[in-house]
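Remarks on the overall topology
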Amino acid sequence: MSKKFLFGLIVGLVIVADAVLWLLSALNVAGMEWFSLGWAAVIAAGVLGIAFIGRGLFGKTAGPLKKMWIYFGAAFLVVAVVVLACEIAMPKEIVAPIIAIVVAVALLVGFLAVGGKKWDTGDNQKAGYKNYYQRKAEEEARKQEEDEKED
């Protein structure tokens, strides 16, 4: 199973599960009275955040794309924290530090996902790189040595 398919499957299943739970709550099914649109948003944003971060960490894409997925995941987690704070009446003093922690961890994970490497370094910046003139001089030296061996 490909990673892209798994990502899409998780996103689709979360949306369907949230819609079903919300419907059960609207139908006044016993035990589902607590579920509301806010809780659906918390669950969806939390799972989507984790899915996006997982795609950024384990996907085989360029560094900037990995960071983009991770930052989208962090944004979803921030949304989940804000909606959760509204749903459970969390003290406002701890919402901002939690958001700051999510953002800081996202920046750290984004750095770790790409390994701190530049994604666009050219060959001429790598150790042992020889430019055209150096390669041409070596080739001519080899030809000259071969000609001397043949004589």
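Structure report, in brief. The structure presented is a predicted model; accordingly, all values stated were derived computationally and were not measured.

1. Observations concerning the side chain of Asp-18
- By secondary structure assignment, the location of Asp-18 is in helix H1 (residues 3–26).
- The buried charged residue Asp-18 lacks any salt bridge partner; its closest oppositely charged side chain belongs to Arg-55, at an N-O distance of 18 Å.
- The residues touching Asp-18, leaving out its near neighbours within four places in the chain, are Phe-35, Ala-40, Ile-43 and Ala-44.

2. Description of the packing of aromatic side chains
- If you walk through the whole model with that rule in mind, you get eight aromatic pairs.
- Arranged with centres 5.3 Å apart and planes meeting at 25°, the rings of Phe-52 and Phe-76 form a pair that is stacked. In this pair, Phe-52 sits in helix H2 (residues 37–58) while Phe-76 sits in helix H3 (residues 63–88), placing the two residues 24 residues apart along the sequence.
- Overall, the relative accessible area of 29% leaves Phe-76 in the partly exposed class.
- Among the aromatic residues, those joined into a ring-pair cluster are Phe-7, Phe-52, Trp-69, Phe-72 and Phe-76.
- The side chain of Arg-55 reaches across the aromatic face of Phe-7, ending 4.7 Å from its centre.
- The aromatic ring of Trp-69 is capped on one face by Arg-55, whose charged end is 4.1 Å from the ring centroid.

Each value, and the rule that gives it
Residue indices begin from 1 for each chain and proceed along its sequence in written order. Reporting in this predicted model follows two pLDDT cut-offs: at least 70 for local features of residues, and 80 or more for side-chain atom pairs to be given and counted; totals over whole chains, interfaces and linings ignore these cut-offs and use all residues. Values shown for side chains rest on all heavy atoms present in the structure; no hydrogens or waters enter the calculation. Put simply, DSSP H or I for four residues or longer makes a helix, DSSP E for two residues or longer makes a strand, and each gets a number counted from the N terminus. Type-normalised accessible area, obtained with a 1.4 Å probe on protein chains alone, sets the label of each residue: buried when under 20%, exposed when over 50%, and partly exposed for intermediate values. Under the convention used here, Asp and Glu are negative, Lys and Arg are positive, and both His and the chain ends fall outside the count. A side-chain nitrogen of Lys or Arg and a carboxyl oxygen of Asp or Glu constitute a salt bridge if their distance falls within 4 Å. The contact definition used throughout considers only heavy atoms, calling two residues in contact when any of these lie within 4.5 Å. Pairing of aromatic side chains here covers Phe, Tyr and the six-membered ring of Trp, requires ring centres within 6.5 Å, and sorts the geometry by plane angle: under 30 degrees stacked, over 60 edge-to-face, intermediate tilted. The criterion for a charge sitting over a ring is simple: Lys NZ or Arg CZ within 6 Å of the ring centre, and within 35 degrees of the ring normal.

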